[in-house]
Amino acid sequence: MKVVETIDDVRAALEHARGANAASIGLVPTMGAFHDGHRSLFRAARAENDAVVASLFVNPTQFGAAEDFAAYPRDGRNDHAIAEEDSVDLLFAPSADEMYPPGFQTWVDVEELSRPLEGAHRPGHFRGVATVCLKLFNIVRPDRAYFGQKDAQQAAVVKRLIRDLDLELELRVLPTVRDADGLALSSRNAHLSPAERERALALPRALATKDPTRARELLGDLDVDYIEIADLEPRVIAAAVRIGSTRLIDNVPLDEEDLE
Ligand code: AMP
């Protein structure tokens, strides 16, 4: 596996693959602190493409001023080992300055889809997500990009971005990977104390009812940002809760059993 930090180095590394052999390229955008959710994306990309690129970038522009950008879990060395084990070919780990040099001022806004749910509680979040994804798509020029159903609204925003801006890539959305007890894997789970993790189990249990009223009851005294049916593709019951200083999101598809 090759690890690069600059856009020029990504382009140089991929030039050969793309040019001479017309190899297909799969991209897995991530913020690192890898777990089995990320790994399922790496493996799908490995199975479906000649070359696999993963990006590791905690994107500052998708975090609000009061959010956990500084405290977001970072574990670069372990991430390199996991990516290597999953046969990622190229790991792109840029600095914030590489992605947002001085004078940066161009933003992508997927307007309507970005408004409810996460967008309502994290103003500007999806503008940051859409912008960094378009940049990564332009830098890597993948044939396929891999995202998790865990972030259902994000997948919907990226799908719309691809359609609206006529990007030539296929979006692949993979099912949510959960721990044996039902908790969706998330880099932020690392912040939960054992007692908080126990309380967090109310989230998957509530969503499993697929009924917002009953779900809210099951969430009991948790601090709920929202729990509602979201008219995405597929339709989901989606929720965000705060447990101590950790904010967790999760969702369960309503129509397609196989995406759970
Ligand atoms: P992140 O590093 O949290 O930004 O996630 C990178 C990608 O992995 C996103 O497309 C997420 O939706 C996906 N992902 C995160 N957690 C999971 C999970 N538990 N199951 C499947 N995909 C996930």
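Residues numbered from 1 in each chain as written. Predicted model: local features only at pLDDT ≥ 70, side-chain atom pairs only at ≥ 80, totals over all residues. Heavy atoms only, no water.

Asker: An account of the sheet that holds strand β9 (residues 246-253) is requested, with residue identities and associated values reported.
Answerer: Sheet architecture is open: three strands sit in the order β7-β8-β9, paired in antiparallel fashion. Because the sheet does not close on itself, it has two edges, and the strands there are β7 (223-230) and β9. Taking the axes of each pair of neighbouring strands and ignoring which way they run, one obtains an average angle of 10° across the sheet. Across seven bridges, β7 lies against strand β8 (residues 236-243) in antiparallel orientation. Within β8, the position partnered with Tyr 226 by the bridge is Ala 240. (Pairing = 2+ DSSP bridges. Helix = DSSP H or I, 4+ residues; strand = E, 2+ residues; numbered from the N terminus. Axes fitted to C-alpha atoms, helices over the stretch in contact; angles between N-to-C directions.)

Asker: For the side chain of Thr 246, give the residues involved together with the corresponding values.
Answerer: In this fold, Thr 246 is placed in strand β9. Setting aside residues no more than four positions away along its own chain, Thr 246 makes contact with Arg 188, His 191, Leu 192 and Val 241. (Contact = heavy atoms within 4.5 Å.)

Asker: Before we move on, could you go through empty space enclosed by the protein and cite the residues and values that matter?
Answerer: In this approach the atoms are scanned with a rolling probe the size of a water molecule, which exposes any empty space left behind. Evaluation of the coordinates by the stated rule reveals one cavity of 30 Å³ or more. A volume near 50 Å³ is recorded for the largest cavity. Lining the largest cavity we find Lys 150, Leu 183, Ala 184, Ser 186, Asn 189, Leu 203, Leu 248, Ile 249 and Asp 250. Looking at which element gives the most residues to the lining of the largest cavity, the answer is β9, with three residues. Looking at the lining of the largest cavity, its residues break down into five nonpolar, two polar and two charged. (1 Å grid on protein atoms, 1.4 Å probe; cavity = no way out; pocket = protein on both sides within 12 Å on 5 of 7 lines; lining within 4 Å. Points joined across faces, edges and corners; volume = space filled by probe spheres on them. Nonpolar A, V, L, I, M, F, W, Y, C, P; charged D, E, K, R; others polar.)

Asker: Go over the side chain of Asn 189, please, and point to the residues and values.
Answerer: Residue position: Asn 189 is located in the loop between β6 (170-174) and α8 (194-200). Here Asn 189 falls in the buried class, since its relative accessible area comes to 14%. (Buried < 20%, exposed > 50% of the residue type's maximum accessible area, 1.4 Å probe, protein only.)

Asker: Let's hear about the packing of aromatic side chains: which residues, and what values?
Answerer: Within the structure shown, the criterion is met by eight aromatic pairs. Arranged with centres 4.9 Å apart and planes meeting at 90°, the rings of Tyr 100 and Phe 104 form a pair that is edge-to-face. On the accessibility criterion, Phe 104 (26% relative accessible area) is partly exposed. With a centroid separation of 5.2 Å and 80° between ring planes, the pair formed by Phe 104 and Trp 107 is classed as edge-to-face. The structure contains a cluster of three or more aromatic residues connected by ring pairs, namely Phe 57, Tyr 100, Phe 104 and Trp 107. (Phe/Tyr/Trp six-rings, centres within 6.5 Å; stacked < 30°, edge-to-face > 60°.)

Asker: Describe the packing of helix α6 (residues 125-140) against helix α7 (residues 152-164), listing the residues and the values that go with them.
Answerer: Packed helix pairs are characterised by how far apart their axes lie and by the angle those axes make with each other. The interhelical angle for the contact between α6 and α7, taken along N-to-C directions, is 55°, at an axis separation of 10 Å. Regarding the angle of α6 to α7, the classification is oblique. In the packing of α6 onto α7, the handedness of the crossing is right-handed. Together, Phe 126, Val 129, Ala 130, Cys 133, Leu 134 and Phe 137 of α6 and Gln 153, Gln 154, Val 157, Val 158, Leu 161 and Ile 162 of α7 make up the contact between the two elements. A breakdown of the residues in the contact of α6 with α7 according to their chemical character gives 10 nonpolar, two polar and no charged. (Parallel < 35°, antiparallel > 145°, perpendicular 65-115°, else oblique. Left-handed = near helix turned anticlockwise from the far one by under 90°.)

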